[in-house]
Amino acid sequence: KWANSCDARGCANLVTPSVIAQRYKLPDQTLPEAHQAHTSNSMAVAEFQGQFWKQSDLDGFGKSCHRDVSVAKTIGDEKPSGGIESELDIEYIKAVAPEIPLTVIYNGQFSLLKWANQISSMAHPPLVHSVSYGNDEKQQTSTQYMYTCNTAFMKAGARGISILFASGDQGVCGREGCGSHFNPDFPAASPYITAVGGTDFEGDDIGPETTWSSGGGGFSDTFGIPSWQADAVAAYKQLPDANLPPQRMWNNTGRGYPDVAALGGLKNPYCVNVGGTFEGVAGTSASCPVVAGIFAKLNGLRLAQGMSPLGFLNPFIYKNPSGFQDVTSGTNSAGGENGFTAVKGWDAATGFGTPDFEALSGLVMTTKHHDAPKSAGGLGQWVQQEAEVPVHNPETSSWVRLSRASPDKMMTLTVALRIDADRRDQLERVLLEVSDPDHQRYGQHLSQEQVTELLAVPAVRAAETAAYFQAAGARKVETAPNGDMLTVTIPVVSAEAAMHMELHEFQHSEHTRAQIVRAGAPYYLPAKIAEHVSMVGELLQFPRLVPKKVISVGSPVKWANSCDARGCANLVTPSV
């Protein structure tokens with residue numbers, strides 16, 4: 001019953017960007033705030049086996065459906081032709097989040113392991129990844145291969161990267177079909193990614209959803225129930241209306257999937273421009289980029305407030321089911337006799353349901369995050385430095401955050417070593433004595449060597465701190481003559497790793513030629529190094545520049561203008 005919001009007639013009666021926006025409560029694209037993007041935000045889609053994209057297809061979709069579906073960056077060999085899978089991914093992740101830069105990561109060979117290690121090896125990987133590929137667990141090379149992929153997924157999640165996979169389009173049967181046992185999907189059933197299932201509208205208008213009968217879901221035959229899911233899975237199995245399939249057909253101790261869902265069924269195909277033709281395409285390959293785009297937008301809200309990206313999503317999802325619109329009908333039997341039925345709460349057909357962006361927007365901003373890992377290896381826990389110094393606030397600061405600093409950019413840090421309190425007190429006492437005309441020590445100023453002797457900073461503080469930054473990748477470390485300061489010349493990427501933070505370029509709002517590199521959030525040092533250091537300069541401090549304002553001149557003065565310039569009349573001059 002909905003109107004076609006795209007200009008192309010081929011989109012009539014199909015799901016379009018405006019349908020997605022209305023159902024999942026996305027910001028109105030006509031409002032300026034819908035296009036505000038944080039400079040650190042990013043997202044990506046993975047494509048394989050000849051699935052590439054044509055600029056003319058993206059331009060045509062964007063023009064017809066009134067969205068910016070541009071690709072900011074491509075990694076991998078470019079192909080001359082577009083593919084329905086890749087263009088579906090691109091057109092709809094960008095339809096949801098047109099303001100966020102998109103990277104397309106292309107590999108000719110379909111290798112989950114290669115792709116996972118590829119993204120986790122990037123210095124600055126996109127924060128959210130949508131992947132619409134997978135196979136049955138049975139079809140994987142080996143169990144060890146799946147466990148190795150899981151390790152790569154964990155590595156990515158530990159860095160704050162969110163990975164979402166489509167749950168499959170064959171219901172409980174998988175690609176090998178239903179026999180005496182269901183065929184769970186990998187990597188949808190991996191405990192270390194977020195699996196996205198499929199739905200259809202219940203009626204013929206935008207409203208409540210029901211399970212798509214062919215949406216992938218079930219329980220892994222390989223991986224156990226993770227801790228963050230245990231309560232939800234147990235509650236599902238206890239519900240009488242779950243009407244669980246015969247136990248012999250599925251693994252009662254396996255990880256349940258999907259985690260969430262979105263429109264993807266054959267009843268409501270998506271309008272996609274492929275080869276210059278607008279046509280309908282269905283599948284969880286459509287559901288996944290939609291949900292990924294929504295979580296990318298949520299990352300943007302957090303980043304704008306100096307918070308961390310969401311990273312591995314599932315612990316957050318399972319603690320915040322109110323952020324999703326529950327789906328309570330339908331079975332993913334793929335037309336067969338048995339499948340998993342959607343019920344109130346989590347289920348193995350649609351997870352917790354489909355996104356509610358308005359609800360999620362509040363939940364992600366109230367979710368507290370730890371400031372740093374508990375341990376920095378053999379050097380102890382990470383310890384926040386200068387905790388009393390507020391981080392950059394875009395609403396009050398004259399400095400505007402731009403993009404992440406280039407990893408290879410060299411920067412100079414001033415590391416102030418800790419001076420013992422009694423030595424600092426003694427320095428102050430001597431300062432006042434030699435400066436007081438009435439004191440017997442007046443004028444007896446200290447030499448460089450005497451100041452060094454007075455401060456008595458243990459040499460071990462400079463040595464161990466210098467060694468730490470050198471091991472992190474510093475190109476040069478110099479110790480000040482008094483032994484209380486280090487000047488560290490270090491690449492940005494090494495500084496970020498050494499102090500567990502991100503560095504950004506900042507530009508002054510008035511003096512636009514003034515640009516600096518600073519941390520946009522707190523920084524940390526390992527406990528053993530933090531004992532030696534009082535602060536690291538040039539990280540949280542933002543210089544105050546003189547405002548570009550003309551001061552109004554008061555009433556005329558009596559002195560003559562001693563300068564030749566007429567503009568100096570009535571002003572203070574050197575002769576005054």
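See the structure shown above.
Quantities reported herein were computed from a predicted structural model and do not represent experimental measurements.

### Some remarks on the sheet that holds strand β18 (residues 399-404)
The 3 strands lie next to each other as β18-β22-β23, forming an open sheet whose pairing is antiparallel. The open sheet is flanked by β18 and β23 (515-519), the only strands paired with a single partner. Between one strand axis and the next, the sheet turns through 40 degrees on average, direction left out of account.

### Focus on the state of the cysteines
What makes a disulfide is a covalent bond joining the sulfur atoms belonging to two cysteines. According to the stated counting rule, one finds 3 disulfides in the structure shown. The disulfide that involves C6 links it to C65, with 2.0 Å between the sulfurs. Handedness here is read from the sign of the S-S torsion; for C6 and C65, about 115 degrees, the answer is right-handed. Taken together, the residues span a long stretch of sequence, with C6 in the segment before α1 (17-23) and C65 in helix α2 (residues 55-65) at a distance of 59 residues. Assigned by exposure class, C6 and C65 land together as buried. A sulfur-sulfur distance of 1.9 Å marks the disulfide that ties C11 to C271.

### Let's talk about a nonpolar patch on the surface
Taken together, the side chains of W559, V572 and V576 make up a nonpolar region of the molecular surface, amounting to roughly 320 Å² of accessible area. Judged by relative accessible area, V576 falls into the exposed class, the value being 51%.

### What to know about the pattern of salt bridges
For the structure shown, the criterion picks out 15 salt bridges. Note that R404 is salt-bridged to E496, the shortest N-O span being 3.2 Å. Residue R404 is found in strand β18, and its partner E496 is found in helix α13 (residues 492-499); the two are separated by 92 residues along the sequence. Accessibility expressed as a relative area gives 8% for E496, which makes it buried. Its salt-bridge partner being K409, residue E505 comes within 4.0 Å of it at the nearest N-O pair. Of the two residues, E505 is situated in strand β22 (residues 503-508) and K409 in the loop between β18 and β19 (410-417); the sequence distance between them amounts to 96 residues. Among the ionic contacts, a cluster of salt bridges with common partners joins D136, R175 and D185.

### Points about the side chain of E433
Within the element layout of this structure, E433 appears in helix α10 (residues 421-435). Judged by relative accessible area, which is 14%, E433 ranks as buried. A polar atom in the side chain of E433 sits 3.1 Å from the side chain of R441.

### Side note on the sheet that holds strand β20 (residues 476-479)
Pairing is antiparallel across the open sheet formed by 4 strands, whose spatial order is β20-β21-β19-β25. Two strands lie at the open edges of the sheet, namely β20 and β25 (533-536), each paired on one side alone. Strand-to-strand, the axes of this sheet are offset by a mean angle of 20 degrees, without reference to chain direction.

### Here we look at the packing of aromatic side chains
A complete count under the given rule lists 24 aromatic pairs for this structure. Centroid distance F52 to W53: 5.6 Å. Interplanar angle 15 degrees. Geometry classified as stacked. Ring geometry for W115 and F165: centres 5.9 Å apart, planes at 85 degrees, overall edge-to-face. Taken together, the residues span a long stretch of sequence, with W115 in helix α4 (residues 112-120) and F165 in strand β6 (residues 162-166) at a distance of 50 residues. When sorted by exposure, W115 lands in the same class as F165, which is buried.

Cut-offs applied
- Residues numbered from 1 in each chain as written.
- Predicted model: local features only at pLDDT ≥ 70, side-chain atom pairs only at ≥ 80, totals over all residues.
- Heavy atoms only, no water.
- Pairing = 2+ DSSP bridges.
- Helix = DSSP H or I, 4+ residues; strand = E, 2+ residues; numbered from the N terminus.
- Axes fitted to C-alpha atoms, helices over the stretch in contact; angles between N-to-C directions.
- Disulfide = S-S within 2.5 Å.
- Buried < 20%, exposed > 50% of the residue type's maximum accessible area, 1.4 Å probe, protein only.
- Patch = residues over 30% accessible without salt bridge, like charges linked within 9 Å, V, L, I, M, F, W, Y side chains within 5 Å.
- Areas by Shrake-Rupley, 256 points an atom, 1.4 Å probe, with all protein chains shown as cover.
- Salt bridge = Lys/Arg side-chain N within 4 Å of Asp/Glu carboxyl O.
- Polar contact = N/O pair within 3.5 Å; in protein donor to acceptor, adjacent residues only side chain to side chain.
- Phe/Tyr/Trp six-rings, centres within 6.5 Å; stacked < 30°, edge-to-face > 60°.

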